[in-house]
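Structural characterization, general
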Amino acid sequence: MASALPSLEEENYLRMSLLLTGISPRAVRVLFDHEFAPECLYSSLKKEYYNLNKLKKTHRINQTQWDLLFPPSQGVPDSKMFDITLMMTLLRNLTSINPSHDGFDRLPKSTETTLGADLARIKFYRNRLAHLDDAKIDQVSFITDWNDVTIVYAIGRVGGHQFQLECDNLKNKTLDQTSHEIMLEIKSSNDEIRELKQSLNSLKKEIEISQQDDIPRNVRDDHEDDIRDWEKDDETFVETRASEYVMSCLSECNIAVVTGSSGTGKSFLIHHAALELHRQKCFDIIPLSFVTAPSDLIRYKSKIRNQVFVIDDICGKRAINVHCVNIWKDFPEKLKSIFQLNSVETEETIRTKLLISCRLQVFNDSQFKCLKLFTENAFDLQTEPLCLLPDERLLVIKKYLTSEKINHVIDHLCDFDFFPLLCKMSKNLSFDKLKLLFTSPIETIKEDIEYMIESDNYQLCALILCILFEE
C-alpha cells in the first residue's frame, strides 16, 4: 500500500529543514575555510589560544568542541568535523566580520546584507526550526521565511553562487515522502538536537566543576596572568629532542625536574609542557611560588580535575635555600600519594603532575640530593641526549632574527649553553651589538650594567631589586 504524500505544511518543513541543516552548514564552512585556511588551521587556532580559552571558560565553547579544536590524541583539527555552531562562534569572535545592527543573536532587517547579518539570519532561522514541535510550517510563514533566507541571498553571499542555485532548486523540486535524501536530512536534524542536549549536559558539568574550585578567585586571576604571559612566549617555542623527550616521559611519570645553567631554557620548556598538557588533555595549570609551593600544592590539589603544578627555580636561584629544602622534606609521604602513578588508569582517572625547573648549582647541592622524589625524575638540558643540536639552535634563532642577521652570527650559535637567553636578548640589536652579544655575552652585559650605573639610576634600582628578590 502506497504511503500518503506529505501535506503542504509538512513539505514546507522538509524544504526548510533541508535548507537550514543541509545547505547552510556547507555554505558557512566555505566562509570558514576562507577565513581559516585548512592548511594552517592548527597554527591559526594556536595563535588564538588565549581568546579560545576565554570562550571555553565563559561556556561559549564546550568540551566536545574544544576537543575538535585541540584534539586530545595529538591530531590536527579539521574544519569538516566542526558543526555550524562552532564555526559561527569562531567567525564572530576571531575574525573581522562585524555584527549586524542588532548583533549576531537577533534577526537583522532585510536591508542589512553584510556577512555578519547573513550569519545572524541563518542562526535565527535554524534556532526557530529547532523549536518547532509538529514538523509543519504554514504556507504564509514558509514564503516569508524562505524569501528572507534565500531571496535576500543570505546563503549565496555566505557560501557563493553555487549555493544560491542549490537553494533555488530545493524550493522547486518535487519531494517524495520516502525520498532517501529527506530521511537522511531529518535524521541529521535529530542528531543535531541530540548533540545540543549533550552540549547542555557538558555545560552543566563544567559549571558544577567551576563551583567546586578550591583556588581563591584572586589567586586564580594571578595564575591566569602568568599563563597568559607563557602563551605569548610560547609563540617563539621550537620543539626540540629535549621537549619531545620530556613530554613522552610525562605519559609514564608525574614529576619532571628540568635542570641546567641559567639561560638554557628550563622554565621555557616546562611552561610549554604545561600548556601542551592543557591543550591536549585539558590539564588545569597551577603556577606556584617556590616559597609557598608545598603548602599550596596540598591546599589546591583537586579530586575532580586533572592538574599540572609548575614551579620555577625550586629551592633558590643563585644558591640553595635550605629552608625551602627542609619544608619539602616534611612532605615526602604526602607528595608520593599525590603524584604516584595508578596501576590501572582510565579516561576517568584524575591525574596530577608536577613540573619543576632547577638550576644546576642547586640541583647538585648535597642538601637538594636528599629530595629523592625530585632527583629521580631529572632532565639535564646541558648533557646528551637533551642538549640543543646545531640544527635546533638554527630553528630557535629564526624565531627572533632575520636571515641577514643570523648570517652575521652563524659561526657562533654553538658557543654557549645559554643560547636560548642570547636569542631573547638579541631582538632589535644592531649588527655590531649582535655580533658582540654572541661572541662576548658577559662583556655585553657588563657594558649594559655600567651604562645603567652612569646614566639610568631607575633601571639600576630595578635591577638591584630583582636580584635581591630573586626575580
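Cut-offs applied
- Residues numbered from 1 in each chain as written.
- Predicted model: local features only at pLDDT ≥ 70, side-chain atom pairs only at ≥ 80, totals over all residues.
- Heavy atoms only, no water.
- Helix = DSSP H or I, 4+ residues; strand = E, 2+ residues; numbered from the N terminus.
- Buried < 20%, exposed > 50% of the residue type's maximum accessible area, 1.4 Å probe, protein only.
- Areas by Shrake-Rupley, 256 points an atom, 1.4 Å probe, with all protein chains shown as cover.
- Patch = residues over 30% accessible without salt bridge, like charges linked within 9 Å, V, L, I, M, F, W, Y side chains within 5 Å.
- Salt bridge = Lys/Arg side-chain N within 4 Å of Asp/Glu carboxyl O.
- Phe/Tyr/Trp six-rings, centres within 6.5 Å; stacked < 30°, edge-to-face > 60°.
- Lys NZ or Arg CZ within 6 Å of the ring centre and 35° of its normal.
- Expected span 1.5 Å × (residues − 1).
- Arc of directions from axis to C-beta.
- Contact = heavy atoms within 4.5 Å.
- Core = buried A, V, L, I, M, F, W, Y, C linked by side-chain atoms within 4.5 Å.
- Lys, Arg positive; Asp, Glu negative; His and termini not counted.
- Charge placed at Lys NZ, Arg CZ, Asp CG, Glu CD.
- pLDDT = per-residue confidence, 0-100.
- Axes fitted to C-alpha atoms, helices over the stretch in contact; angles between N-to-C directions.
- Left-handed = near helix turned anticlockwise from the far one by under 90°.
- Nonpolar A, V, L, I, M, F, W, Y, C, P; charged D, E, K, R; others polar.
- Pairing = 2+ DSSP bridges.

As a further point, take the overall build of the protein chain. When its secondary structure is counted, the protein chain shows 24 helices and five strands. Going through the 471 residues of the protein chain one by one, you find that 44% of them count as buried. In the structure as shown, the protein chain presents an accessible area of about 25,400 Å², 53% of it carried by carbon and sulfur atoms.

Here the residue pair E384 and P385 is connected by a cis peptide bond, since its omega of 10° sits within 30 degrees of zero. Here P385 is to be found in the loop between strand 5 (378-380) and helix 19 (390-397). The backbone of C315 shows a phi angle near 60°, a positive value even though the residue is not glycine. With respect to the helices and strands, the residue C315 is situated in the loop between strand 3 (307-311) and helix 15 (322-329). Of note, N428 is a non-glycine position whose phi angle comes to about 65°, a positive value. Along the chain, the position of N428 falls in the loop between helix 21 (419-425) and helix 22 (431-439).

Attention now moves to a nonpolar patch on the surface. Taken together, the side chains of I445, I449 and I453 make up a nonpolar region of the molecular surface, amounting to roughly 230 Å² of accessible area. Secondary-structure assignment places I445 in helix 23 (residues 441-455).

Time to look at the environment of K372. Along the chain, K372 falls in helix 18 (residues 372-375). For K372, a relative accessible area of 51% gives the class exposed.

Next up on the list: the packing of aromatic side chains. Considering all chains together, one arrives at 13 aromatic pairs under this definition. An aromatic cluster of three or more residues is present, and its members are W328, F363, F368 and F374. Positioned over the ring face of Y49 is R279, at 5.0 Å from the centre of the ring.

Our next topic: the pattern of salt bridges. Taken as a whole, this structure holds 15 salt bridges when the rule is applied. For K123, the salt bridge identified is with D105, shortest N-O distance 2.4 Å. With a gap of 18 residues between them, K123 in helix 6 (residues 115-130) and D105 in the loop between helix 5 (84-94) and helix 6 connect regions that are remote in the sequence. Put simply, R279 and E276 hold a salt bridge, and the shortest N to O gap is 2.7 Å. Of this pair, R279 and E276 both sit in helix 13 (residues 266-281), three residues apart, roughly one helical turn. Here the two residues R279 and E276 agree in accessibility, since each one is buried. Within the structure, one salt-bridge network assembled from shared partners comprises R92, D105 and K123.

Glancing now at the pairing of strand 2 (residues 284-288). For strand 2, a buried count of five out of five residues is recorded, marking the element as mostly surrounded by other parts of the structure. With burial as the criterion, each face of strand 2 is covered, one bearing D284, I286 and L288 and the other bearing I285 and P287.

For the rest of this paragraph, the subject is helix 11 (residues 217-234). The end-to-end C-alpha separation of helix 11 is 25 Å, in line with the 26 Å expected for 18 residues at 1.5 Å each. Residues of helix 11 that are buried include every one of V219, R220, H223, E224, I227, W230, E231 and D234, and no others. Seen from one end, helix 11 has its buried residues packed into an arc of 135°, which puts them on one side. Opposite its buried face, helix 11 presents the exposed residues N218 and K232, each directed more than 90 degrees away. Here the buried face of helix 11 lies against helix 2 (41-47), helix 3 (49-57), helix 13, strand 2, helix 14 (293-300) and strand 3.

Bringing the nonpolar core into the picture now. Judged by nonpolar contacts, the single largest core of 41 residues is most densely connected at L19, V28, L52, L69 and L90. A per-element tally of this core places helix 1 (residues 8-35) first, with 10 residues. Once residues lying within four places of it in the same chain are set aside, the contact partners of L52 are L45, I61, W66, L69, F70, L90 and L94. Judged by nonpolar contacts, the second largest core, of 28 residues, contains A293, I314, C324 and I338.

Okay, a negative patch on the surface next. The grouping of D222, D226, D229, D233 and E235 at the surface amounts to a negative patch. If you trace the backbone, E235 turns up in the loop between helix 11 and helix 12 (241-249).

Chain-level pLDDT for the protein chain is 84 on average; 86% of the residues reach the 70-or-more range. Considering each helix and strand of the protein chain separately, the mean pLDDT is smallest for helix 10 (residues 180-211), with a value of 61, and largest for helix 19, with 95.

Moving on to the packing of helix 1 against helix 5. In the contact formed by helix 1 and helix 5, the axes pass within 10 Å of each other and the chain directions differ by 35°. Judged by the twist between their axes, the crossing of helix 1 over helix 5 is left-handed. Where helix 1 abuts helix 5, its residues S24, P25, V28, R29, L31, F32 and E35 lie against I84, M87, M88, L90 and L91. When the residues that make up the contact of helix 1 with helix 5 are grouped by side-chain class, the tally is nine nonpolar, one polar and two charged.

Quick look at the sheet that holds strand 5 now. Strand order in the open sheet formed by five strands is 2-3-4-1-5, with parallel pairing between adjacent strands. Edge positions in the open sheet fall to strand 2 and strand 5, since each of these has one partner strand only. Neighbour to neighbour, the strand axes of the sheet diverge by 20° on average, direction disregarded. Note that strand 2 and strand 3 share five bridges and pair parallel. Bridged to L288 within strand 3 is I311. Lying on the sheet, helix 13 is in contact with strand 1 (255-260), strand 2, strand 3 and strand 4 (352-359); it crosses strand 4 at an angle near 170°.

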